[in-house]
Amino acid sequence: MAGIAFEIRKILKKRSLIGLSYALTYGISLSAGPIIISIFSILFSGLVAMEFTDEVTVRKYQIVVTYIIALSLIISSPLQLILTRYIADRYFKKETEKILANFLGALTLSLILGFTVGLFLSVATMGELPLLFKVVFTFTLALSSGFWLINILLTAFKDYKFILLSFLSGFGTIVLITPLLSKLGIEGLLTAFFIGVVITFTLLTGYLFKLFPSRNLLEFSFLKSGYKILIPVGFFYNVGVWIDKFIFWFSPDTGSAVLGPFKSSIVYDIPMFLAYLAITPGMGYFFLKLEGEFALYYEKYYEAIIKNETLERIYEIGHDMITAARSIIQETIRAQAIVIIVLLLFEKAIFSIFRISLVYIPLFNVLLLGTSLQLLVMAVLSLIYYFDLKTEALIVTFTAAVLNAALTYVSIKLGPYFYGYGFFTALLISLLIGILLLRRVLYEIHYRTFMLNR
């Protein structure tokens, strides 16, 4: 993340409101940009498609794409963190010739798994759907499963504007060609989405080939590394993010059939979507603090150790690093609290402007607090990853996944007044556990650095 940190610090040196606004926008773009661009591309292409096809078809298309995004993230999740750590080590040791080959190895595994899952779902659950739909769905899921792996390598790139332009190019293409393909119905809309993913995938993969040339085509050394515990960490994190949505979709009390095996929850989906959009400012601010401030103290601390600074100096820098870590959590809470207060004050007006029923407001309020807690869990996990606390990361992500599944199921059984509280409670407990684990590590940071890394 050094390149990102350097860029943010350079922007912040201007010490102006414009510079701060630009840095915050930059942080939002890098931390949430791809997801936000994807969401808005789906929505905007849907609005465009409504001029050429009916609203029901557009709604089916958007739900199918949501499933593709969710399934592809879960499919690729076991490889994401282990590949990230392996490549970070290779980059640090200047063994860059191994980066591309191992990435392609992980990409191959992810594509095969995504294609297998897509093919199984097409054959086993989509018997009544057209063949073209099954084919496009299967290949889109497979490519998307590999597509997310590229995101974990973006931090090694230096031309971040190219990365954002790649996303804009791919998903912008979706919007442009949707009017042409919408005449084919949902198959045409899904094909437009597939083409957009292909363009973004090709641009980013080609850039990776340019940055890290390699003599070998495929390697799987990352699977032999000492970071296998990161496989379940990545899996449980993504399952924890999506499991409540799947439970609401497939519960007979809250879900409804949309197209073949695909279901949605009109009760849960709209307020959850709005709640996730509401945390984007907090994500940007957290990213700004992490890479613009904490990363600097983190680098100074370990640089002081490597250069054999005095123990007093190491303790002084270590204290600054610990203070910066605590500040990230506190400042992120403050920033998101401001967003929450503003939304609570003006939510009726906002819902009225966008013609969303006010009936959703009570559930939206609960989910807004839940997604804000998820943002804080992300902040804690980011610090945990910085200190290479693999076991602690597994505890937090496993807790979030299991509790979110169990408590969401219970909340549905308790009735509509309890919807969303399972998600909220699961994230609250996971956050408290994460903070306690991180607090203990920060308290023992010097002991862990000098004694446990010998």
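Procedures and definitions
Residues numbered from 1 in each chain as written. Predicted model: local features only at pLDDT ≥ 70, side-chain atom pairs only at ≥ 80, totals over all residues. Heavy atoms only, no water. Helix = DSSP H or I, 4+ residues; strand = E, 2+ residues; numbered from the N terminus. Buried < 20%, exposed > 50% of the residue type's maximum accessible area, 1.4 Å probe, protein only. Contact = heavy atoms within 4.5 Å. Expected span 1.5 Å × (residues − 1). Salt bridge = Lys/Arg side-chain N within 4 Å of Asp/Glu carboxyl O. Axes fitted to C-alpha atoms, helices over the stretch in contact; angles between N-to-C directions. Parallel < 35°, antiparallel > 145°, perpendicular 65-115°, else oblique. Left-handed = near helix turned anticlockwise from the far one by under 90°. Core = buried A, V, L, I, M, F, W, Y, C linked by side-chain atoms within 4.5 Å. Nonpolar A, V, L, I, M, F, W, Y, C, P; charged D, E, K, R; others polar. Pairing = 2+ DSSP bridges. Phe/Tyr/Trp six-rings, centres within 6.5 Å; stacked < 30°, edge-to-face > 60°. Patch = residues over 30% accessible without salt bridge, like charges linked within 9 Å, V, L, I, M, F, W, Y side chains within 5 Å. Areas by Shrake-Rupley, 256 points an atom, 1.4 Å probe, with all protein chains shown as cover. pLDDT = per-residue confidence, 0-100.

A. Expanded view of the overall build of the chain. When its secondary structure is counted, the chain shows 15 helices and two strands. Of all 454 residues assigned to the chain, the portion counted as buried reaches 53%. Partitioning the intrachain contacts of the chain with sequence separation of at least 6 by distance along the chain shows that 78% fall at a separation of at least 24.

B. Examining helix α12 (residues 361-386) more closely. Over its 26 residues, α12 runs 37 Å from end to end, which matches the ideal 38 Å to within 8%, given 1.5 Å per residue. Most of α12 sits inside the fold, with 22 of its 26 residues counted as buried. Where α12 ends, the next residue or the one after it, aspartate 388, has phi of about 60 degrees, a positive value.

C. Broad picture of the pattern of salt bridges. With the rule as written, the count across this model stands at eight salt bridges. Measuring nitrogen to oxygen at the nearest pair gives 3.2 Å for the salt bridge that ties arginine 313 to glutamate 316. With arginine 313 and glutamate 316 both in helix α11 (residues 311-353) and three residues apart, the pair spans about one turn of that helix. Of the residues examined, glutamate 316 reaches a relative accessible area of 41% and is grouped as partly exposed. A salt bridge links lysine 390 to aspartate 388, with the nearest nitrogen and oxygen atoms 3.3 Å apart.

D. Region of interest: the side chain of glutamate 392. For glutamate 392, the location among the structural elements is in helix α13 (residues 390-414). Residues within four places of glutamate 392 in sequence aside, it is in contact with Ile384, Leu437, Arg440, Val441 and Arg448.

E. Highlighting unusual backbone geometry. A positive phi angle is found at aspartate 388, which is not glycine, with a value near 60 degrees. Of note, aspartate 388 is situated in the loop between α12 and α13.

F. How the structure looks around the packing of helix α8 (residues 230-250) against α13. Interhelical geometry of α8 versus α13 gives an angle of 15 degrees and a closest axis separation of 8 Å. Put simply, α8 runs roughly parallel to α13. Our pair here, α8 against α13, has a crossing hand that is left-handed. Touching Leu230, Pro232, Val233, Phe236, Tyr237, Val239, Gly240, Ile243, Asp244, Ile247 and Phe248 of α8 are Lys390, Ala393, Leu394, Thr397, Phe398, Ala401, Asn404, Ala405, Thr408, Tyr409 and Ile412, all from α13.

G. Structural detail: the environment of tyrosine 297. Along the polypeptide, tyrosine 297 turns up in helix α10 (residues 280-306). Residues tyrosine 297 and histidine 319, spaced 22 residues apart in sequence, show a C-alpha to C-alpha distance of 9.3 Å. Excluding residues that lie within four positions of it along the chain, tyrosine 297 makes contacts with Ile317, Asp320, Met321 and Ala324.

H. Local environment of helix α14 (residues 421-443). For α14, built from 23 residues, the straight-helix expectation of 33 Å at 1.5 Å per residue is met to within 8% by its first-to-last C-alpha distance of 33 Å. Every buried residue belonging to α14 is among Gly422, Phe423, Ala426, Leu427, Ser430, Leu431, Gly434, Leu437, Leu438, Val441 and Leu442, and all of these are buried.

I. View of the nonpolar core. Within the largest apolar cluster, 62 residues are counted, with the highest numbers of intra-cluster contacts made by Val64, Phe103, Phe133, Phe137, Trp242 and Phe262. Of the residues forming this core, the biggest block, 18 residues, is contributed by helix α3 (residues 55-92). Setting aside residues up to four positions removed in sequence, phenylalanine 133 forms contacts with Val64, Met126, Ile186, Glu187, Leu190, Leu259 and Phe262. Grouped together as the second largest cluster of nonpolar side chains are 56 residues, Val380, Ile384, Leu389 and Phe423 included.

J. Quick look at the packing of α8 against helix α9 (residues 269-278). Where α8 meets α9, the axes come as close as 11 Å, and the angle between the chain directions of the two elements is 160 degrees. One element, α8, and the other, α9, form an angle in the roughly antiparallel class. Seen along the crossing, α8 lies across α9 with a hand that is left-handed. In contact with Val241, Asp244, Lys245 and Trp249 of α8, α9 contributes Asp269, Met272 and Tyr276. Among the residues forming the contact of α8 with α9, the class breakdown is four nonpolar, no polar and three charged.

K. Fine view of the pairing of strand β1 (residues 256-259). Relative to strand β2 (residues 262-264), β1 runs antiparallel, the two sharing three bridges. Counterpart to leucine 259 in the pairing with β2 is phenylalanine 262. Between β1 and the antiparallel strand that follows it, β2, lie two residues; glycine 260 among them carries a positive phi value of about 55 degrees.

L. Broad picture of the packing of aromatic side chains. Taken as a whole, this structure holds 22 aromatic pairs when the rule is applied. Centre to centre, the rings of phenylalanine 115 and phenylalanine 139 are 5.5 Å apart; their planes meet at 65 degrees, and the pair counts as edge-to-face. On the criterion of sequence distance, the pair formed by phenylalanine 115 in helix α4 (residues 99-125) and phenylalanine 139 in helix α5 (residues 131-151) is long-range, its members being 24 residues apart. Exposure remark for phenylalanine 115: the relative accessible area of 31% places this residue in the partly exposed category. Residue class for phenylalanine 139 comes out partly exposed when judged on its relative accessible area of 42%. Ring centres of phenylalanine 133 and phenylalanine 262 lie 6.2 Å apart, and the angle between their planes is 75 degrees; on these two criteria the pair is classed as edge-to-face. Separated by 129 residues along the polypeptide, phenylalanine 133 in helix α5 and phenylalanine 262 in strand β2 bring together distant segments of the chain.

M. Representation of a nonpolar patch on the surface within the structure. A cluster of nonpolar side chains, namely Ile338, Ile341, Val342, Leu345, Phe346, Ile350, Ile353 and Phe354, defines an oily patch on the protein surface of about 850 Å² accessible area. Along the chain, leucine 345 falls in helix α11.

N. Quick peek at the environment of tyrosine 419. You can see tyrosine 419 is positioned in the loop between α13 and α14. When the C-alpha positions of tyrosine 419 and proline 362 are compared, they lie 9.6 Å apart, and in sequence the two are 57 residues distant.

O. Geometry of the confidence of the model for the chain. This prediction gives the chain a mean pLDDT of 83; 87% of its residues lie at or above 70. Between residues 1-6, whose pLDDT stays under 50, and residues either more than four places distant or in other chains, the model counts twelve contacts.

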